[in-house]
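# Summary of structural features
As a plain string of letters, each chain reads:
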Amino acid sequence: MIHFEKGRLRSFFKQWQLQSMVIPGIVWMIVFCYVPMFWLIIAFMDYSIAKPLFQSPFVGLKHFQDFLTDERFWRSIRNTLGMSSIKLLLGFPIPIFFALLLNEIRRLAFKRTVQTISYLPHFIAWTIFGGITLNWLGEGGVVNQLFMMLGLQDREILYISDPKYFWWITYFTDTLKETGWSAIIYIAAIAGIDPQLYEAAELDGAGRFQKMWHITIQSIRPTIAILFILAVSGMLGSNFEQIFILENNMNIKMAESLDLYIYNMGLVSGRHSFSTAVLFVRSIIALCLLLLANYTSKKLTGDGIF
Amino acid sequence: MILKKRRRFSLFEAVNTIIMIAICFITLYPFWFVLINSLNSPEQAMLGTVNWFPEQFSLASYSVVFNDKALMHGFLVTILRTIVGTLVHVLFTAIVAYGMSKKYLIGQKVYMRIALITMLFSGGLIPSFILMTKLGLYDHFLVFIIPAMYTFFNMVIFMSFFRTIPTSLEESAKVDGASDYQVLFRIVFPNSMAVLATISLFSAVYHWNDYYQGVIYIYSQENLPMQTILYKIVAENAVSFMQQQAMAQFGARLPSNSIKFASMMVATLPILLFYPFIQRYLVKGVMIGAIKG
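The structure displayed is predicted, hence computed values, not measured ones.

### Remarks on the overall build of chain B
When helices and strands are counted, chain B shows 14 helices and 0 strands. Helices (α) and strands (β) of chain B occur, in sequence order from the N terminus, as α-α-α-α-α-α-α-α-α-α-α-α-α-α. Within chain B, counting contacts between residues at least 6 apart in sequence, those at least 24 apart form 72% of the total.

Below, the structure is given as structure tokens:
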């Protein structure tokens, strides 16, 4: 609590201009962040949006029991973890490789051009990127034409409607869209390495790959560690804008992530309380993961994420 | 330095260069594909073959897109939300951040804690949806502006930047009798143009590209942003309605693909055109963010 001693109160009013800058921000946070947190209470009620909050009856853990016994919920957990794991295991190293290779380009103008082009897709809307994906993977699309020309398949495959391809589609499109952008942080870390280290290694007769492994990778290890921890802590999340545009009735079995499940149950089917119960658990687990990530980061690098 | 010999172009470098060129090609070709297919004549675009240049140049698809009232209205909504949303976000977040940047501000630590918790825990989709409904923001243009007025991340970026400005500048203005607001607008903001530009660009790109808010909160046609309409065209094949209109108008049967591609092109073109000039600022932004992290 703020102690309202006389002097403090007086100096508070003396700073009224600065206070009037910050307080609207705090009010905004209370309305748009803290009020929704409070509304999580409807997870324990049979809430109807037409009625005032406390006219709806409390039902305890009913909705929690409901979703824990819902097969579709567990399916969405499986899909979320499946897509996140592929992205983490196969996707996480790619920007690092890209940064390492880009670093070996000696012509500055070429290097800069490649870099600029590589992060362009990050700024393109998912409507566009998803639209191209749907078109290319569809009937008579570019992917089918290309694979048939190369002899990889002998007839058309409807990639987008077949659930078994969905996780891979999210992985590939995400990699295409975000690799360049994610590499920026590694490129910056590499640029900060003391060039004397490389010169010393050259004197010792180190080759290109030895330098890459012993100097470059070792120097950017803290960056890699922090980003990896953050990626792990975000595993319950999914790229909603990506999945929402690629998903359809045919691939939903593998496409419905936890966030999409919450959306479908809450806003499409109108089961607000039920969905909020799922959200409640999701938010708490996400918080735990984030705190764990912060703790791990502190242990490893001596510095927290926040 | 003398020891450094000029090496020849090695095999590794040749392979590496090829990889880099391939990456550029993979990145750029999809957009080229959309462009040429939107410019193709309807008959050609229907075939959907992979091409390098339009076989028969035609602007028919664009004339359908530009004659589509819904899409053009969506375009206006997007432009409006991009301008208003960006201005409001940058002004509001920067002003809050300036107050927060003063460590002598009474309650600063409490305020920071309140702000930090919002990053760790959130109510999420359903409670936010109920809140917007109760506030009367559901299906209202302001749903694009007010909830996007502030983000913790950008506030921290502004705050740490403002702290790097030498206090002597501000103090001398204060001695001359300037108020905090005058100091902020006449001294701090003009010295922070780089960070203001960066955050503005990020905010503008967000407002331009976002389709999700429109899907969730907008019901009536008049407030639908272009990207949400595009989402319906791309994912739900809402193109057939436009096609019917086009058929009535032009008599010809335009394949839905070329209309899709033309609308996609109209929606991305501003980003593609500005991108070469603004990308420097965007990278700068992520650097400032990363240092603070």
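### Description of the overall build of chain A
Across its full length, chain A carries 16 helices and 0 strands. Its C-alpha atoms give chain A a radius of gyration of 25 Å, clearly above 19 Å, the size a compact globule of 306 residues would have. A principal-axis box enclosing the C-alpha atoms of chain A has dimensions of 75 × 70 × 35 Å. Taking all contacts inside chain A whose residues are at least 6 apart in sequence as the whole, residues at least 24 apart take part in 67%.

### Some details on the packing of helix H7 (residues 126–137) of chain A against helix H12 (residues 226–235) of chain B
Between H7 of chain A and H12 of chain B, the shortest axis-to-axis distance is 10 Å and the interhelical angle comes to 10°. Between H7 of chain A and H12 of chain B, the angle falls in the class roughly parallel. Along the contact surface, H7 of chain A presents Thr 127, Gly 130, Gly 131 and Leu 134 of chain A, while H12 of chain B presents Gln 227, Leu 230, Tyr 231, Val 234 and Ala 235 of chain B. For the contact of H7 of chain A with H12 of chain B, the class distribution of residues is 5 nonpolar, 4 polar and no charged.

### Details of the confidence of the model for chain B
All names here are of chain B. Overall, the prediction assigns chain B a mean pLDDT of 85, with 84% of residues at 70 or greater. Across chain B, helix H4 (residues 69–101) holds the top mean pLDDT of 95, while helix H13 (residues 239–250) sits lowest at 60. On the interface metric, ipTM, the complex scores 0.89, and its pTM is 0.89.

### Concerning the interface of chain B and chain A
The interface is formed by 71 residues belonging to chain B together with 65 residues belonging to chain A. Ranked by residues supplied to the side of chain B that touches chain A, first place goes to helix H14 (residues 256–292) of chain B with 12 residues. The residue makeup of the side of chain B that touches chain A, split by class, is 50 nonpolar, 18 polar and 3 charged.

### Digging into helix H15 (residues 258–268) of chain A
Across the 11 residues of H15 of chain A, 8 count as buried, placing the element largely inside the fold. Turning to H15 of chain A, its buried residues number three or more, namely Leu 258, Asp 259, Leu 260, Tyr 261, Ile 262, Tyr 263, Met 265 and Gly 266 of chain A. Tucked into the core, H15 of chain A has its buried residues touching helix H4 (71–91), helix H13 (240–246) and helix H16 (272–301) of chain A together with helix H6 (125–134) of chain B.

### Digging into helix H12 (residues 221–233) of chain A
Residues and elements named next belong to chain A. Between its first and last C-alpha atoms H12 spans 18 Å; for 13 residues at 1.5 Å apiece the expected length is 18 Å, and the two agree. Inspection of H12 places Ile 226, Ile 229 and Ser 233 among the buried residues, and these make up the whole buried set. Each buried residue of H12 lies within a common arc of 65° when the element is viewed along its axis, so the set occupies one face.

### Brief notes about unusual backbone geometry
The phi angle at Asp 139 of chain B is positive, at roughly 60°, despite the residue not being glycine. Mapped onto the secondary structure, Asp 139 of chain B falls in the loop between H6 and helix H7 (152–164).

### A few points about the packing of helix H6 (residues 108–118) of chain A against helix H1 (residues 11–39) of chain B
For the pair H6 of chain A and H1 of chain B, the least separation of the axes is 9 Å and the interaxial angle reads 30°. Seen along the crossing, H6 of chain A lies across H1 of chain B with a hand that is left-handed. On H1 of chain B, the residues touching Val 114, Ile 117 and Ser 118 of chain A of H6 of chain A are Met 20, Ile 23, Cys 24, Thr 27 and Leu 28 of chain B. Classifying every residue of the contact of H6 of chain A with H1 of chain B by side-chain character gives 6 nonpolar, 2 polar and no charged.

### Brief notes about the environment of Asn 135 of chain A
Inspection of the secondary structure assignment puts Asn 135 of chain A in helix H7. Since 24 C-beta atoms lie within 10 Å of it, Asn 135 of chain A is described here as buried. Setting aside its immediate chain neighbours within four residues, Asn 135 of chain A contacts Gly 141 of chain A together with Asn 257 of chain B.

### Digging into the environment of Ile 262 of chain A
Relative to the helices and strands, Ile 262 of chain A resides in helix H15. If near-sequence neighbours (up to four positions away) are discounted, Ile 262 of chain A is found in contact with Ser 275, Val 278 and Leu 279 of chain A together with Leu 125 of chain B.

About the thresholds
- Residues numbered from 1 in each chain as written.
- Chains lettered and ligands numbered in written order.
- Predicted model: local features only at pLDDT ≥ 70, side-chain atom pairs only at ≥ 80, totals over all residues.
- Helix = DSSP H or I, 4+ residues; strand = E, 2+ residues; numbered from the N terminus.
- Contact = placed C-beta atoms within 7 Å.
- Rg over C-alpha atoms; globule rule 2.2 N^0.38 Å.
- Axes fitted to C-alpha atoms, helices over the stretch in contact; angles between N-to-C directions.
- Parallel < 35°, antiparallel > 145°, perpendicular 65-115°, else oblique.
- Nonpolar A, V, L, I, M, F, W, Y, C, P; charged D, E, K, R; others polar.
- pLDDT = per-residue confidence, 0-100.
- Buried ≥ 20, exposed ≤ 12 C-beta atoms within 10 Å, placed from the backbone.
- Expected span 1.5 Å × (residues − 1).
- Arc of directions from axis to C-beta.
- Left-handed = near helix turned anticlockwise from the far one by under 90°.

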